[in-house]
Amino acid sequence: AQRVTQPEKLLSVFKGAPVELKCNYSYSGSPELFWYVQYSRQRLQLLLRHISRESIKGFTADLNKGETSFHLKKPFAQEEDSAMYYCALSGWGNDMRFGAGTRLTVKP
Amino acid sequence: ETGVTQSPTHLIKTRGQQVTLRCSSQSGHNTVSWYQQALGQGPQFIFQYYREEENGRGNFPPRFSGLQFPNYSSELNVNALELDDSALYLCASSLGSGAGSSNEKLFFGSGTQLSVL
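A quick note: this is a predicted structure, and the numbers were derived from the prediction, not measured.

> Which residues make up the sheet that holds strand β3 (residues 19-21) of chain A, and what values do they have?
Residues and elements named next belong to chain A. One open sheet accounts for three strands, arranged β3-β8-β7; its pairing is antiparallel. Where the open sheet ends on each side, the last strands, each with one partner, are β3 and β7 (60-61). As defined by bridge partners, β7 adjoins strand β8 (residues 72-74) across two bridges and the pair is classed as antiparallel. In the strand pairing of β8, T60 is matched with K73.

> Explain the pairing of strand β6 (residues 53-57) of chain B residue by residue, including any values.
Residues and elements named next belong to chain B. Sheet analysis places strand β5 (residues 44-50) next to β6, joined by three bridges and oriented antiparallel. Considered in β6, the bridge of Y49 is made with E54. Remark: two residues form the turn of the hairpin made by β5 and β6, two consecutive strands paired antiparallel; R51 in that turn has positive phi of roughly 50°.

> Talk me through the nonpolar core; I want residue IDs and the actual numbers.
If you look at the biggest cluster of nonpolar residues, it comprises 24 residues, and the most contacted ones within it are W35(A), L72(A) and Y85(A). Those elements giving two or more residues to this core turn out to be β2 (10-14), β3, β5 (32-38), β6 (45-49), β9 (83-90) and β11 (102-107) of chain A. The element that contributes the greatest number of residues to this core is β9(A), accounting for four residues. In this structure L72(A) touches V19(A), E20(A), L21(A), W35(A), L47(A), L48(A), F59(A), T60(A), A61(A) and Y85(A), once residues within four positions along its chain are discounted. In this structure, V32(B), W34(B), A87(B) and L114(B) belong to the second largest nonpolar core, which totals 20 residues.

So, how was this worked out
Residues numbered from 1 in each chain as written. Chains lettered and ligands numbered in written order. Predicted model: local features only at pLDDT ≥ 70, side-chain atom pairs only at ≥ 80, totals over all residues. Heavy atoms only, no water. Pairing = 2+ DSSP bridges. Helix = DSSP H or I, 4+ residues; strand = E, 2+ residues; numbered from the N terminus. Core = buried A, V, L, I, M, F, W, Y, C linked by side-chain atoms within 4.5 Å. Buried < 20%, exposed > 50% of the residue type's maximum accessible area, 1.4 Å probe, protein only. Contact = heavy atoms within 4.5 Å.

Below, the structure is given as structure tokens:
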């Protein structure tokens, strides 16, 4: 079964501190993994996907198949990074499975 | 701006009623997916339509049904509403290929907040 777990509902860091949002998944095949973000009063939007191996707004995420994880990291958090972050997995069957989300607050 | 619009933004219904939610996909996107997001949870996949055919379905009962039209619009219909159907309903469009797995970027609408009393 496909499952995405984000163990932290809330995460708070100070500006300039490193941040890591955890995501673990369960899937028997080769998943496609994503991070979606929702800023205040905005719609849900794609932040990054693992196949692109990209860095967006300073965020990176590495797929670790051994640990079945896809943690989102940024070395120096900014106040504008405060948002709701969702890890998502796309497997077979056309459905995108989302985690419950982590609310990140970056304090000044 | 993603170009995906949903209507209405808010809706109040009573138990047992039927509801139709509407979505206009981004131009050129032939795939639309619908999600239910309960308070404090992530979006849950309801179903996907590709070129007007259902192309995948999540764990939702048959009283959740949909339609997709050639003009990139779509509908989500829910019959016999239950209190637990109260949630934010999100529509997302993508270019899509109709294939099994997908790494397509989803473009979300702002959602319809449905309250069932």
